[in-house]
Amino acid sequence: MLSARATSERESPVSVASDPYLLTPGPLTTSATTKKAMLHDWGSRDTRFIEMTARVRSRLLELISAGDDHVCVPIQGSGTFAIEATLGTLLSDDDKLLILLNGAYGRRMATICDYQGRDYQVIETAEDVPCDPDALERALIDDPETTHVAVVHCETTSGILNPIGAIAEVVSRHGRSLVIDAMSTFGALEINADNTPFDAVIASSNKCLEGVPGLGFAIIRRSTLEDCSGNAPSLSLDLYEQWRGLESNGQWRFTPPTHVIAALDQALDELDQEGGVSARGARYTDNCETLMSGMSELGFVSALDEADQAPIILTFLTPADPHFDFNEFYDHLSNHGFLIYPGKLTNADTFRVGCIGRLDTSDMQAALEVMRSALTEMGVTEGAPHPR
Ligand SMILES: *Cc1c(COP(=O)(O)O)cnc(C)c1O
């Protein structure tokens, strides 16, 4: 049997030999050089660190062509911290949020509103159906009280791509404010502040930017944020105060994740070296296509229509063969150095395989070989699910 790790070690010198390959929605496989960037200590009030924070903030703005009209406000923590901070800061007690929901991350925004006591409603579509800009338009006409709209760019629950361009156009035409959870797309799929009007785009260090976990950030329209003083129901998750603090002396209000920011600075160099957002998106698309065609050769069936699939994470229906056991499949892959993810769909039995992070098509091929051997070992003849 082919040793996947040996293959990938040869072909992906960026990875540390003993680390698993993370075919997950994050955290992800990072380059050795990004990991190495953390082998130092920084004083949080020292000029070098202040400069590094400023540099990272402005580079994040550049990635979505956001100029002086927008600001980048970083926040300690995982992606959810940044979402909670953004909703808490942008929405006042008098505002009302409309959430376009087709998966767990849309639902999480509703939960955040419950905690914060913010008024909201949802337009829910099935997990394998993209959000509908026409339904959004009707809802905005029907409900003048709605001040803000939130949408998830790629719902990582399934890997579905939501049409944020069309949604932004509707929201802007009706004079409302748009918040985009771009956690799993930022750095790989194009978002352009020039033609996609938004008030906030939220992401984190550890997904398509290929940094390490520990930092979230929001890119917020400056004129909007200027009006948000006093909204936040939280001290540490107040992005208005976080922004004022950074603007006043370049320092973070509370202990910054220094090593995470240093790793992100390096990861952003590597994004540039790769050729920027479009080149990274192209590599992930190659990974996605390699995985998809290899998985269908093995008989697996995707939970999504091809047209709705983002090149981020793939969801497969659990095979009908009674010999298939997800835990065994997982363990076999894990023993060979590949970590996949359980499914998260509420209406079907599934599992997920990510195609993002510092991995290329040879790593996908190696993973497919190991999946093939796992099926053989379990005595599964093909990966086809029960007919739907
Ligand atoms: C990963 C992710 C998040 C944030 O998750 P954390 O575990 O808090 O980092 C939010 N939204 C989407 C779409 C995601 O993929």
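Residues numbered from 1 in each chain as written. Predicted model: local features only at pLDDT ≥ 70, side-chain atom pairs only at ≥ 80, totals over all residues. Heavy atoms only, no water.

1. Structural notes on the site of the ligand
In the vicinity of the ligand, 13 residues are found, and the nearest of them are Ser 78, Thr 80, Thr 156, Asp 181 and Lys 207. At 3.0 Å, a backbone N or O of Gly 79 approaches an oxygen atom of the ligand. In this structure, an oxygen atom belonging to the ligand sits 2.5 Å away from a side-chain N or O atom of Thr 80. Contact with the protein chains removes 86% of the 380 Å² of surface that the ligand exposes when unbound. Elements with a minimum of two residues in the shell around the ligand: helix 4 (79-90) and helix 5 (104-116). (Near = heavy atom within 4 Å. Polar contact = N/O pair within 3.5 Å; in protein donor to acceptor, adjacent residues only side chain to side chain. Areas by Shrake-Rupley, 256 points an atom, 1.4 Å probe, with all protein chains shown as cover. Helix = DSSP H or I, 4+ residues; strand = E, 2+ residues; numbered from the N terminus.)

2. Notes on the sheet that holds strand 11 (residues 313-317)
Sheet architecture is open: three strands sit in the order 11-14-13, paired in antiparallel fashion. Either end of the sheet is taken by a strand with one partner, and the two such strands are strand 11 and strand 13 (341-342). Of the strand pairs in this sheet, strand 11 and strand 14 (residues 350-354) are connected by five bridges, and their pairing is antiparallel. Note that in strand 14 the partner of Leu 314 across the bridge is Val 353. (Pairing = 2+ DSSP bridges.)

3. Considering the environment of Asn 287
In this fold, Asn 287 is placed in helix 11 (residues 276-297). With relative accessibility at 0%, the residue Asn 287 sits in the buried group. When the C-alpha positions of Asn 287 and Ser 184 are compared, they lie 15 Å apart, and in sequence the two are 103 residues distant. For Asn 287, the contacting residues outside a window of four places in its chain are Cys 355, Leu 359, Asp 360, Thr 361 and Met 364. (Buried < 20%, exposed > 50% of the residue type's maximum accessible area, 1.4 Å probe, protein only. Contact = heavy atoms within 4.5 Å.)

4. Examining the domain arrangement of the protein chain
Domains assigned within the protein chain are domain 1 (4-31 + 276-378) and domain 2 (32-272). Computed from C-alpha coordinates alone, the two centres of domain 1 and domain 2 are separated by 27 Å. Contacts between the two partners involve 33 residues from domain 1, matched on the other side by 34 residues from domain 2. Between domain 1 and domain 2, the buried area comes to about 2,700 Å², and carbon and sulfur atoms account for 54% of it. Inspection of the domain 1/domain 2 interface yields five salt bridges. For the salt bridge of Asp 19 with Lys 35, the shortest nitrogen-to-oxygen distance reads 4.0 Å. (Domains from an automatic or database assignment. Buried area = accessible area lost by both parts, 1.4 Å probe. Salt bridge = Lys/Arg side-chain N within 4 Å of Asp/Glu carboxyl O.)

5. Quick notes on the packing of helix 3 (residues 47-63) against helix 10 (residues 258-274)
Where helix 3 contacts helix 10, the axes come no closer than 10 Å and their chain directions differ by 45°. Taken together, the axes of helix 3 and helix 10 are oblique relative to one another. Relative to helix 10, helix 3 is oriented so that their crossing is left-handed. Facing helix 3, whose interface residues are Phe 49, Met 52, Arg 55, Val 56, Arg 59, Leu 60 and Leu 63, helix 10 presents Thr 258, Ile 261, Ala 262, Leu 264, Asp 265, Leu 268, Asp 269, Leu 271 and Asp 272. Grouping the amino acids of the contact of helix 3 with helix 10 by side-chain chemistry returns 10 nonpolar, one polar and five charged. (Axes fitted to C-alpha atoms, helices over the stretch in contact; angles between N-to-C directions. Parallel < 35°, antiparallel > 145°, perpendicular 65-115°, else oblique. Left-handed = near helix turned anticlockwise from the far one by under 90°. Nonpolar A, V, L, I, M, F, W, Y, C, P; charged D, E, K, R; others polar.)

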